[in-house]
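If you want the building blocks of each chain, they are given just below.
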Amino acid sequence: MSKYVCSLCGYVYDPAEGDPDSGVAPGTAFEDLPADWTCPVCGASKADFEKM
């Protein structure tokens, strides 16, 4: 699974870690994140992320 970086703040979404604070379990691929998921650092939308 690929990592994705927020183009606004540089936060890296790592599927191996997920986003537990937002209820996203480890092992969740970026593509499988809910449509309304946002960057936990700056609030950017999924559209603002780029594949690393």
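Notes on the structure follow. This is a predicted model, so every value here is computed, not measured.

## Observations regarding the packing of aromatic side chains
No. 1: Applying the stated criterion to the full structure yields seven aromatic pairs.
No. 2: Plain terms: the ring middles of Tyr13 and Trp37 are 5.6 Å apart, the flat faces sit at 70 degrees to each other, and that makes the pair edge-to-face. Of this pair, Tyr13 sits in strand E2 (residues 12-13) while Trp37 is found in the loop between E2 and strand E3 (49-51), placing the two residues 24 residues apart along the sequence.
No. 3: A relative accessible area of 0% places Tyr13 in the buried class.
No. 4: For the cation-ring pair, Lys46 lies above Phe30, with the distance from its terminal atom to the ring centre recorded as 5.3 Å.

## Observations concerning the pattern of salt bridges
No. 1: Following the criterion strictly, the structure yields one salt bridge and no others.
No. 2: Residues Asp14 and Lys3 are paired through a salt bridge, measuring 3.8 Å at the closest nitrogen-oxygen approach. In this pair, Asp14 sits in the loop between E2 and E3 while Lys3 sits in the segment before strand E1 (4-6), placing the two residues eleven residues apart along the sequence.

## As for the side chain of Thr28
No. 1: With respect to the helices, strands and loops of the structure, Thr28 is situated in the loop between E2 and E3.
No. 2: According to the relative accessible area criterion, Thr28 is buried, its value standing at 18%.
No. 3: A distance of 2.6 Å separates a polar side-chain atom of Thr28 from the backbone oxygen of Ala25.
No. 4: If we skip the residues at most four places from it in the chain, Thr28 touches Met1, Tyr13, Pro15 and Leu33.

Parameters at a glance
- Residues numbered from 1 in each chain as written.
- Predicted model: local features only at pLDDT ≥ 70, side-chain atom pairs only at ≥ 80, totals over all residues.
- Heavy atoms only, no water.
- Phe/Tyr/Trp six-rings, centres within 6.5 Å; stacked < 30°, edge-to-face > 60°.
- Helix = DSSP H or I, 4+ residues; strand = E, 2+ residues; numbered from the N terminus.
- Buried < 20%, exposed > 50% of the residue type's maximum accessible area, 1.4 Å probe, protein only.
- Lys NZ or Arg CZ within 6 Å of the ring centre and 35° of its normal.
- Salt bridge = Lys/Arg side-chain N within 4 Å of Asp/Glu carboxyl O.
- Polar contact = N/O pair within 3.5 Å; in protein donor to acceptor, adjacent residues only side chain to side chain.
- Contact = heavy atoms within 4.5 Å.

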